[in-house]
Amino acid sequence: MSYTTLAGRTAVITGAASGMGSATARLLAAQGVRVALLARRAERLEELAAAIKEAGGEALAVATDVTDQASVDAAAELVHSTFGRVDLVVNAAGVMLPNPVDAGRTDEWQRMIDTNVTGALRIIRAFTADLVAAAEGRTADLVNISSIGAHIMFPNYAVYGATKAALTYLSTSLRTEFGPRDVRVTNIEPGLTDTELAGHVDNAELSGQLDGMFDALGGLSSDEIADLIAYTTSRARHINLRQLIVQPTRQA
């Protein structure tokens with residue numbers, strides 16, 4: 001689909017080195033959005049930015065670790081000095097590290113909390129003033145990518161699900177603060193989606209179970225989630241599609 005109303009906007013997209021973040025950046029840029037690409041893998045970001053520019057779009061690669069406040073602060077400064085005020089923020093950075101709780105993987109717990117929850121909060125803090133100012137006369141959007149795991153329980157995914165439930169709750173709560181100031185907050189909860197998340201799983205049994213679910217149920221593509229983000233953020237500014245759950249038909 002074409003989303004011409006997005007032209008001229010400026011977006012920050014975390015997790016832009018792969019998966020949903022990368023796909024969203026490509027699609028938004030193709031619709032005339034200036035995109036700031038934030039992720040840890042600088043080389044991947046530079047390749048994506050080059051591809052977007054070659055296709056006629058505007059992109060800025062910003063190597064950023066959302067678990068590091070100084071890194072986020074530096075990224076925000078570069079985005080502002082290059083593109084000015086931001087009116088669209090997509091929190092797509094995330095990590096999924098399932099294991100039984102009694103395995104005691106505190107390293108994984110901390111990484112998921114720091115990325116999925118605190119990392120999103122750091123980005124929101126960095127660009128809240130932009131969104132509020134932009135909303136005074138134009139459309140302003142915050143989009144958080146949560147997960148179906150926020151409210152459907154899967155064995156051994158307790159901590160991951162808890163971080164996504166926190167992000168879903170955060171999105172709901174932020175509407176009470178941002179909505180009266182005309183900033184839209186959208187929470188998207190994808191089901192099985194083909195991204196690099198599965199590649200981070202270091203438990204062979206759980207990795208095999210995940211592969212089996214994809215084989216049995218099918219999966220969504222990152223491009224399909226990106227299309228949903230573009231559709232949501234291209235609606236008239238008085239319309240907030242607040243909560244979107246999207247799953248493969250066989251999983252739903």
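The coordinates are above.
Note that this is a predicted model, so its numbers are computed, not measured. (Residues numbered from 1 in each chain as written. Predicted model: local features only at pLDDT ≥ 70, side-chain atom pairs only at ≥ 80, totals over all residues. Heavy atoms only, no water.)

(A) Quick peek at the layout of surface pockets. Approximately 980 Å³ is the volume found for the largest pocket. Forming the boundary of the largest pocket are 48 residues, of which G94, V95, M96, T195 and L197 lie nearest the centre. Contributions of two or more residues to the lining of the largest pocket are made by α1 (19-30), β2 (34-39), α4 (106-134), α5 (158-178), β7 (193-194) and α6 (204-217). The element contributing the most residues to the lining of the largest pocket is α6, with 5 residues. (1 Å grid on protein atoms, 1.4 Å probe; cavity = no way out; pocket = protein on both sides within 12 Å on 5 of 7 lines; lining within 4 Å. Points joined across faces, edges and corners; volume = space filled by probe spheres on them. Helix = DSSP H or I, 4+ residues; strand = E, 2+ residues; numbered from the N terminus.)

(B) Local environment of unusual backbone geometry. A positive phi is found at N156, a non-glycine position, where the angle reads about 80 degrees. Mapped onto the elements, N156 comes out in the loop between β5 (141-145) and α5. Phi is positive for D182, close to 70 degrees, though the residue is something other than glycine.

(C) Just α5, in detail. If you check α5, its first and last C-alpha atoms are 30 Å apart, about what 21 residues at 1.5 Å a residue would give, namely 30 Å. Every buried residue of α5 is accounted for by V159, Y160, G161, T163, K164, L167, T168, L170, S171, L174, R175 and F178. Packed against the buried residues of α5 are α4, β5, β6 (184-190) and β9 (243-246). (Expected span 1.5 Å × (residues − 1). Buried < 20%, exposed > 50% of the residue type's maximum accessible area, 1.4 Å probe, protein only. Contact = heavy atoms within 4.5 Å.)

(D) Quick peek at the pairing of strand β1 (residues 10-14). Of all 5 residues in β1, 5 are buried; the element is thus mostly enclosed. Sheet topology note: the β1/β2 ladder contains 5 bridges and is parallel. Opposite T14, over in β2, you have L38 as the bridge partner. Taken together, β1, α1 and β2 form a β-α-β motif whose crossover is right-handed. Pairing between β1 and strand β4 (residues 88-91): 3 bridges, direction parallel. Within β4, the residue paired with A11 across the bridge is L88. (Pairing = 2+ DSSP bridges. Right-handed = clockwise from strand over helix to strand, strands pointing away.)

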